[in-house]
Structures are given as structure tokens and as C-alpha cells.
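Below, each chain spelled out in residue letters.
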Protein chains: 4
Amino acid sequence: MHKGRLEAFTDGVMAIILTIMVLEMKVPHGETLSALLPLWPVFLSYILSFIYVGTYWTNHHHLLQASERVTGGVLMANLNLLFWLSLLPFSTGWMGENHFAQAPVALYGLNLMLSAVAYYILQSVVTSAHRDHSLFREALGRDLKGKGSLVAYTLGTLLALLGYPLAGFGVLVAVALMWLVPDRRMEQVMDRRGR
Amino acid sequence: MHKGRLEAFTDGVMAIILTIMVLEMKVPHGETLSALLPLWPVFLSYILSFIYVGTYWTNHHHLLQASERVTGGVLMANLNLLFWLSLLPFSTGWMGENHFAQAPVALYGLNLMLSAVAYYILQSVVTSAHRDHSLFREALGRDLKGKGSLVAYTLGTLLALLGYPLAGFGVLVAVALMWLVPDRRMEQVMDRRGR
Amino acid sequence: MHKGRLEAFTDGVMAIILTIMVLEMKVPHGETLSALLPLWPVFLSYILSFIYVGTYWTNHHHLLQASERVTGGVLMANLNLLFWLSLLPFSTGWMGENHFAQAPVALYGLNLMLSAVAYYILQSVVTSAHRDHSLFREALGRDLKGKGSLVAYTLGTLLALLGYPLAGFGVLVAVALMWLVPDRRMEQVMDRRGR
Amino acid sequence: MHKGRLEAFTDGVMAIILTIMVLEMKVPHGETLSALLPLWPVFLSYILSFIYVGTYWTNHHHLLQASERVTGGVLMANLNLLFWLSLLPFSTGWMGENHFAQAPVALYGLNLMLSAVAYYILQSVVTSAHRDHSLFREALGRDLKGKGSLVAYTLGTLLALLGYPLAGFGVLVAVALMWLVPDRRMEQVMDRRGR
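In every chain, residue numbers begin from 1 and rise along the written sequence. A letter from A marks each chain and a number from 1 marks each ligand, given out in the order of writing. Since the coordinates come from a predicted model, pLDDT governs what is reported: local features require at least 70, and pairs of side-chain atoms require 80 or more to be given and counted, while whole-chain, interface and lining totals use all residues.

### Observations regarding the overall build of chain A
The condition that has to hold: A helix here means a DSSP run of H or I that spans at least four residues, while a strand means a run of E at least two residues long, and both kinds are numbered starting from the N terminus. To sort residues by burial, count the other C-beta atoms lying within 10 Å of each one's C-beta; a count of 20 or more means buried, 12 or fewer means exposed, and anything in between means partly exposed. C-beta atoms are built from the backbone. Two residues qualify as a contact pair if the distance between their C-beta atoms, derived from the backbone, is within 7 Å.
What chain A contains, in helices and strands, is 9 helices and 0 strands. Order of helices (α) and strands (β) in chain A, N terminus to C terminus: α-α-α-α-α-α-α-α-α. By residue count, 48% of the 195 residues in chain A fall in the buried class. Residue pairs at least 24 apart in sequence account for 79% of intrachain contacts in chain A once pairs closer than 6 positions are excluded.

Structure (C-alpha cells):
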């Protein structure tokens, strides 16, 4: 019950973040296909952020699925994650409208980095609320994918700051594509539990 | 439980798509009824897209209702569907503001076509997660309505591209009207199961 | 389960309608209290529509609470209601920005009238899906409040059309205030059933 | 069930309030970091309102969690709370765009004050619906945090009105920070009940 409402609120916020990002793609005034062309950087940024928010939703789903207790700390850590994700429409829009320039790509990378840190904190708080369940911890395991992403976000941000925004953007695209391969860790916990 | 959250997230995204489309109907500055007149193409486009999103919601409802397992692949296929539907406010707005001109109608038809493909993929993934339940497959049956719509979206898009945007638009309107007749396939499965 | 998803989708759409209406109140550029003054008609319109949408949500809640079956027809009738309610942010904004002028008040009254008709249809469809439960029908009873509102919306619209927009607006305000007194019909059915 | 829908609707409205506030941070036209600088008052206001809405969500969660009955009065009191919270995007945007000037800070403080009064009313209505459960009342106890906040909102508003907007803003920031320390009152009731 407790958990259900946390999930519903998170679903609501994530659904709105996904959907208002598309509002940054302003309807062009011309009626020809060529009027659409200038929108490609905004559209590409939208696709990227859609993959990221979709990935966060999927991972959040699996994390909460496997968890059993929701404490006050979990509520806080979850709101913290939603805060950073709520800034994505802004940083996505800025990056797209400036054609992947230096500062916007760096800000976008920083936004992804801070969201990843917030997710890492949430994961830790959920895990520590399950101190007795070594199975849960074991399942999260070394979390190579999560830790690798954090390193890659930092790398992408630094590349942009050092004057290579397109290389930095490339790194951020690569991480998104990696996450499109679904994560089976949590599903395995569920299976072992026989649910 | 699993299924519940997938449904809730999908409901959220579809509810927002429906509602932000109305924001494309900008409040006119004049205070007379004649100030409303120029809005009719935007309003007509809104009605059409409302029917489409409402139809997707109803069909999604029936599909998930009949299904029992949600796998990682189902989550992915569902996000893919939501991505294409999330572009509808954009293509609807562009079509309405350009009075059903050639390129906007073609883009709108393409958007519907790709959404239908995404729904078809989702349906296949849900079905394959039920490999043992021949009842489920049987119920989907030949899916004449779904396959016919896909052909019609392609036709509508082609008509617009070939220089007959109003004929293409007419085809897209006809498909929407056809879907207003409710789909009873899934309800029949439920009934046969005695639920 | 069936019912749950219908409720969730309806809640989502109504929550968004409520909240995007406030976006019509554009943040003024001045920093003095006098910069807020010109906003009063928009604010007043917002309060009125908030009461109406809140009332629809409460009545919908009671109606679905008392119902047991959701058919394809109920889904359709519900989408129809949501369509008319989704136009409220537009008609509210037009009325507020034009200081309760003739055409905008008439359109607002018409919007309320069509929403009420849609709710009446939904109520009938839900009732007919419960053909055996005379208790349900009996509880809805003569529905004086609902029928009276429909008459009042028509009256308000006509008054505006005939050149008395403020009188028409007054009627619409009066109906909203009447609905603030909670409706106990449905709660009584539940009590009688001993739930 | 009853309770579930009230929670879902509230979650939806609060999720949208949170997320549309970020739309007030308009994407700047420049592509340099210095183009972001002028946004800091809007960003700071956003953080503050995010904490407030997050706190209301958390407290609402605990209040409803501990409650057992939802009456018509509870629905009304809840809609009343949502109304005042729905004005926060407006007052937040006005305060941020005017760099914490006198009138905007006073309006923001007033908005917080009226939201707190609405929450206080909701709490009273929920409590009175539990007349027999002295445990519930006892748990709410003296509610020093809630009453103290109400005093502080009044103080902050008055300071702004008297010509000290930054001092008033400081008080409102201090209250937000105080609420970041989680409230354990309701969790204690649940524990005592052995749930």
C-alpha cells in the first residue's frame, strides 16, 4: 500500500517529464517538409532524454518491485531523484536549441550525472532498509552498469567542458544505447524468491 | 502488481498526451464568435487525435487485461508505443495550423502508421509471453481491424505525398470512425475464461 | 481491476485539466500588487472551473464507487465526458481574458451543458450495465440536482446569447455553489449494501 | 478503495504542480554558461517550491496512511488543499522573475499560509472522521511543527509587506529546510497499531 503510492507519484512525475519534453519541439510555421529540418537537434535531444527517462522508470520499477519496505528515508531519496529528473526538460531543450554547443552539452551531462548519483543514493537507502535480506544486496551485486554510467556521464561532461562537445554528446548517446539492453538483475531476485 | 504499474504509467502518459493537445488551441484575442472560426482546423485535428489516443487507451486496456505476464520486453515495447504516441501533439498541431496541407497530413499519417506498428510489436511481445495460452492467440485471431488500419494509414500518407492531402486526411478520419465501434475480441477471451 | 484502470485514467485527465487551467494565468511583468489586478477575471474563471472539475471528479468517484461492471460502452461514455471536460481550459481562458463578454460566456455555458449531457449519458450507461440492481437506479432517483443543472446551464447560455452575459455568468456561478454542498445519494447506496 | 482513488487524484495533481513549475524556467537563447546566470532567482524559487510540494505530498501520504475512512467532507477539504497548492506555480514564477521583490514575496508567503490552513482543515476533518480513535488524535498531538509553520508563514508575509522582503524570504526558506527533517508522528501510530 505504502509502496503503491510512492510508485504512483513517481509514475506521475516521470510521465509528465516525458510528455512535456515534447512541448520544446515548437510547431513550425511553414507547411513544407523543409520547415521541419531545423528541428532535428531538438528531436534528437528528445529521443535521447526519452530513452533516459524510460530507463529510469524501468529501473525504478525493478528496484521497488524487489523491495518490501518504504521508510521516510526512501521517500526523501525518491523526491531527490525526481528533482534532478525534473530538470531534464530544461537541459534537453537548451542542448537541442543550441545544436550541441559546449555549455549546453556540459549541463546536460551534469544533469545526467546528478540524476545517477540520486538514483545511487535511492538504491542504497532501499537496500539498507532491507538489511537482513542479503539476497537483495547480492542481486544488486557489483552494479557494473550503474557505476560505469556514472563514470561515462562524468567523462561526457568533462569532454564538453574541455572543448569537445560532440565527443561528449557521443558518450552520452552511447550510455543511453547501452541501457536499451534490459537489466535482468532484479528479475532474477524475484525468480529466486519463487514469485 | 507488475502489470498495475505498467498500466498506471501508460495511463499517465496517455492522459497527458490527450490533455496537452488542447493547449495547441490557443485562446483567440477577439471576443466575438467570429474570432473562433479560424480555429476549426485545429479543433477538427484535436477531435481526430482524441479519438485515436482514446482508441489506443481502450485497446491497451483490453490487451493488458487479457495478459498475465509482464516481461522486460513488454516494458520496452510499451515505451516504444508511448514514444510514437507522444509525437502526436506535435503532428496534430502542425496539421491543424496548416489547414491539412500536403506535408503535415503526410507526417500525421506517418505518425499514425508508426504508432500502429509499435502497437503491433507490443501485441506480439505480449502474445509471445503467453506462448502456452493458445486461447490468447486465437482471440487476437486474424486481427483484421488492426491490419486494415495499418494499410489505411499507409494509403492516407501516400495520398498526401502524391498531392491529394484532403483524400489522405479523409482516409485517416474514416479509420478513426471505424475504431469508434468497440472491439469485443478481448472481452470474449475474458468471458470464455469465466472471469 | 477493470474499474481501477478506468478510474486511474480519468483521475489523470481530470488532474491535468485542473492544473493546466492555472497556466492561463500568465505571470505579470510588473512587481507591484497593482500588476496583479488585471488578472482578476482570469482568476475568478479559474476558481469557477476548479469547482466544476472538482465536482465532476467527486460525482464520478461516487458513481464508479457504486457501480460494479465496466463495459465497452462505459469506456466510450467516459471518454466522451473527458473530451468535453478537456475543452474547459480553452473556454475558461477565453471567458477570463474577455472579462465575461457575450460570446465567451455563451461558449463556457455551452461547454458546461455538453459536459453535463455527457455525464448524464455515462450515468445511464453505467445504470443500464446494472439492470438487475434496482437499488442502483433507485439511489440515482429523480436526480433533481443533475437535471436542474442542465436546465441552468441552458438558461445561462441563452441569457448570454440574448445579450445578458453577466446574468448568464451569475447563473453558472450559482450552479457551482450549489454543487459545493456534497451529494450523499451514492454514499447511501453503499451504506444500505452494508459496505 | 475509496481512499486509493483520493490518493491517486492527489498524487496526479501534485505531480503536475511539481513538474509544470519547471516550465517557468524558460530555456535561454544564448549558448554560454553566462546565459544561465539570470535564471538563478527562478531556479532558487523552483527548489523552494519543490521542497514545499514534496513535503505536502509526504505529509499527505502519512495522514491518509493513518486514516481509515474517507467521507464527503474529506474529499472537499482535499480539493480545497489542492486549489491553494495549484496556485504555487503562479506565485513561484512571479517571485522568481521579480528577484524576491516586496509584493511577490508577500504573495508567495500568503499562498503558503493559505495552503497550510487548508492542510490544517484537512487534518481536522480526517481526525473528526475517526472520532473513536483517540490514538489518531493523540499521534497528531500538539502538532508543533505544523502550528509553528503557520506562524512562520504569517511572519514571512508580514516582513515582506513591511518592506523587508529578503528577511521574509529567509523565514520561508528556513521553514522549508525544517520540513526536510522527516516527520515520524504518523509512522509511530502505524507502529503502535502493529501494522
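### Topic: the interface of chain D and chain A
Condition: Each residue gets one label: Ala, Val, Leu, Ile, Met, Phe, Trp, Tyr, Cys and Pro are nonpolar, Asp, Glu, Lys and Arg are charged, and the others, such as Gly, are polar.
Contacts between the two partners involve 25 residues from chain D and, on the opposite side, 25 residues from chain A. Elements with a contribution of two residues or more to the side of chain D that touches chain A: α1 (2-21) and α2 (40-66) of chain D. Ranked by the residues each element gives to the side of chain D that touches chain A, the list is headed by α1 of chain D, at 8 residues. Grouping the amino acids of the side of chain D that touches chain A by side-chain chemistry returns 13 nonpolar, 7 polar and 5 charged.

### Notes on the packing of helix α5 (residues 102-128) of chain A against helix α8 (residues 165-179) of chain A
Helix-helix packing is described using two parameters, namely the angle between the two axes and the distance between the axes. Residue and element names in this part refer to chain A. Rules: Only the contacting stretch of a helix is used when fitting its axis, a line to C-alpha atoms as for every element, and angles between N-to-C directions run 0 to 180 degrees. If an angle is under 35 degrees, it is roughly parallel; if it is over 145, roughly antiparallel; if it lies from 65 to 115, roughly perpendicular; otherwise it is oblique. Should the near helix be turned anticlockwise from the far one by less than a right angle, the crossing is termed left-handed; should it be turned clockwise, right-handed.
Contact pair α5 / α8: the axes reach a minimum separation of 9 Å and the direction vectors enclose 30 degrees. One finds that α5 runs roughly parallel with respect to α8. For the element pair α5 and α8, the recorded crossing hand is left-handed. Residues Q102, V105, Y108, G109 and L112 of α5 lie in contact with α8, whose contacting residues are P165, G168, F169 and L172. The class makeup of the residues in the contact of α5 with α8 is 6 nonpolar, 3 polar and no charged.

### Focus on the relation of the copies chain D and chain A
Where we set the bar: In superposing the copies, a least-squares fit is computed on C-alpha atoms, taking residues whose pLDDT is at least 70 in both.
The two copies are related by a screw motion: chain D maps onto chain A through a turn of 90 degrees and a shift of 0.0 Å along the axis, at an RMSD of 0.0 Å. In short, the pair behaves as if placed about a four-fold rotation axis. Across chain D, the rotation axis passes nearest the C-alpha of G12 of chain D, at a separation of 4.2 Å.

### Let's talk about the relation of the copies chain C and chain B
Take chain C, turn it by 90 degrees, move it 0.0 Å along the axis, and it overlays chain B with an RMSD of 0.0 Å. Little of the interface of chain C is mirrored in chain B, where only 12% of its interface residues again form contacts.

### A short note on the interface of chain C and chain B
Listed per partner, the contact involves 25 residues of chain C and 25 residues of chain B. Every element with two or more residues in the side of chain C that touches chain B is listed here: α1 (2-21), α3 (72-86), α4 (88-97) and α5 (102-128) of chain C. Ranked by residues supplied to the side of chain C that touches chain B, first place goes to α1 of chain C with 9 residues. Its residues placed into classes, the side of chain C that touches chain B shows 17 nonpolar, 6 polar and 2 charged.

### Some words on the environment of M113 of chain D
All names here are of chain D. Looking at the secondary structure, you find M113 in helix α5 (residues 102-128). Put simply, M113 and V151 are 38 residues apart on the chain and 8.5 Å apart in space, counted from C-alpha to C-alpha. Sequence-distant contacts of M113, that is, excluding residues within four places in its chain, are made with L150, Y153, T154 and T157.

### A word on α4 of chain C
All names here are of chain C. The element α4 is extensively covered by neighbouring structure, given that 9 of its 10 residues are classed as buried. Taken as a whole, α4 has its buried residues at L88, P89, F90, S91, T92, G93, W94, M95 and G96. Directly after α4, the chain includes H99, whose backbone phi takes a positive value near 50 degrees.

### Observations concerning the packing of helix α2 (residues 40-66) of chain C against α4 of chain C
Residue and element names in this part refer to chain C. The N-to-C vectors of α2 and α4 enclose an angle of 150 degrees; their axes lie 8 Å apart at closest approach. Relative to α4, α2 is oriented roughly antiparallel. When you trace α2 past α4, the crossing you get is right-handed. Within the contact between the two elements, α2 uses P41, V42, S45, Y46, S49 and V53 and α4 uses L88, T92, M95, G96 and E97. A per-class count over the contact of α2 with α4 returns 6 nonpolar, 4 polar and 1 charged.

### Focus: the confidence of the model for chain A
Close inspection of predicted coordinates is inappropriate for parts of the model with low pLDDT. Residues and elements named next belong to chain A. Counted only if it meets this: The predictor attaches a confidence to each residue, and that confidence, scored 0 to 100, is pLDDT.
Summary statistics for chain A give a mean pLDDT of 87 and a share of 86% for residues scoring 70 or more. For chain A, the element scoring lowest by mean pLDDT is helix α9 (residues 185-192), at 53; helix α4 (residues 88-97) scores highest, at 96. In the predicted assembly, ipTM is 0.89 and pTM is 0.90.

### Topic: the environment of G73 of chain B
By the secondary structure assignment, G73 of chain B is in helix α3 (residues 72-86). Residues G73 of chain B and K26 of chain B, 47 residues apart in the sequence, show an inter-C-alpha distance of 39 Å.

### Some points on helix α7 (residues 144-161) of chain A
All names here are of chain A. Rules: Take the residue count of a helix, subtract one, and multiply by 1.5 Å to get its expected span.
The end-to-end C-alpha separation of α7 is 26 Å, in line with the 26 Å expected for 18 residues at 1.5 Å each. Buried-residue contacts for α7 involve α5 and α8. Two residues or fewer past α7, G163 is found with a positive phi of approximately 105 degrees.

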